[in-house]
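# Structure at a glance
Below are the chains, spelled out letter by letter.
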Amino acid sequence: MNALEKLTELFRRFPGIGPRQATRFTYFVANMTPAQRTLLAEAIQGLSKNISLCVECQRLTELQICSTCRLCLDESRDNSQLLLVEKDTDIRSIEHANAYTGKYFVLGGSIPVLDENPLSRFRSEELKRKLQNESSTLKEVVLAFSATPQGEHTTDVLKEFIHKHSPTVHTSVLGRGISTGTELEYIDDETLRHALKNRVE
């Protein structure tokens, strides 16, 4: 396998990228100037040096002062609400919609319908610790997952998990308006604001 084939194979591992797109990316990079390729390589290397998981919400962030991200350090945010999402890009979509002011937690994945070990599919220990540490202030956990069968199954599993480890906390899900099959990061701001405002049990 030559250098072009290796890079194409790496691009194919990106979510939503097929063989043709991966090949186009490879040749785009190959046609860059050496200086441009150096900048790209330095940016990728910078991820391992400067980006880490926030110890509170588990989202990828640039940690400059401590191990906690700016959203978790923001004292103006509502500590009584915790919104669970599958991935980091979901937080970006929700923040852009300006419809939520509480705290977040990134699960790091969703749970396949027939999975035999669902706790291995998300950051179960970190979430358990989060629920326990914030038991005195937390009143509601919002389950904000994609409107897919896998997202629905993830919601069901998380409801049981939260009830087990924090039985007094109320759980809610996004309200209607999100089309079936839609991933959270692709929902428009208005629909997302409506879903958050009209969340249900």
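Here goes a summary of the coordinates provided.

Attention shifts here to the sheet that holds strand 4 (residues 102–106). Taken in spatial order, the four strands of this open sheet run 4-3-5-6, and their pairing is parallel. Two strands lie at the open edges of the sheet, namely strand 4 and strand 6 (170–173), each paired on one side alone. The mean angle between the axes of side-by-side strands here comes to 25°, regardless of whether they run parallel or antiparallel. Note that strand 3 (residues 78–85) and strand 4 share five bridges and pair parallel. Residue L84 lies in a different strand from strand 4, and its bridge partner there is F105. Taken strand by strand, helix 6 (residues 124–133) contacts strand 3, strand 4 and strand 5 (140–143), and its axis lies near 155° from that of strand 4.

Attention now goes to the side chain of T154. Inspection of the secondary structure assignment puts T154 in helix 7 (residues 149–165). Using a relative accessible area of 1% as the deciding quantity, one classes T154 as buried. Beyond its immediate stretch of four places on either side in the chain, T154 contacts L107, S110, I111 and F145.

With respect to the element layout, V157 can be found in helix 7. Separated by 46 residues in sequence, V157 and I111 have C-alpha atoms that sit 8.1 Å apart. Those residues in contact with V157, other than ones at most four positions away along the chain, are I111 and P118.

To continue, consider helix 5 (residues 88–97). The periodicity of an α-helix, 3.6 residues per turn, causes residues three or four positions apart to be oriented the same way. Those residues of helix 5 lying buried are D90, I91, S93, I94 and A97. The buried side chains of helix 5 occupy one side of the element, clustering within an arc of 160° when seen end-on. Facing away from the buried surface of helix 5 by more than 90 degrees, the exposed residues are R92 and H96. Two residues or fewer after helix 5 comes N98, characterised by a positive phi angle close to 55°.

Cut-offs applied
Residues numbered from 1 in each chain as written. Predicted model: local features only at pLDDT ≥ 70, side-chain atom pairs only at ≥ 80, totals over all residues. Heavy atoms only, no water. Pairing = 2+ DSSP bridges. Helix = DSSP H or I, 4+ residues; strand = E, 2+ residues; numbered from the N terminus. Axes fitted to C-alpha atoms, helices over the stretch in contact; angles between N-to-C directions. Contact = heavy atoms within 4.5 Å. Buried < 20%, exposed > 50% of the residue type's maximum accessible area, 1.4 Å probe, protein only. Arc of directions from axis to C-beta.

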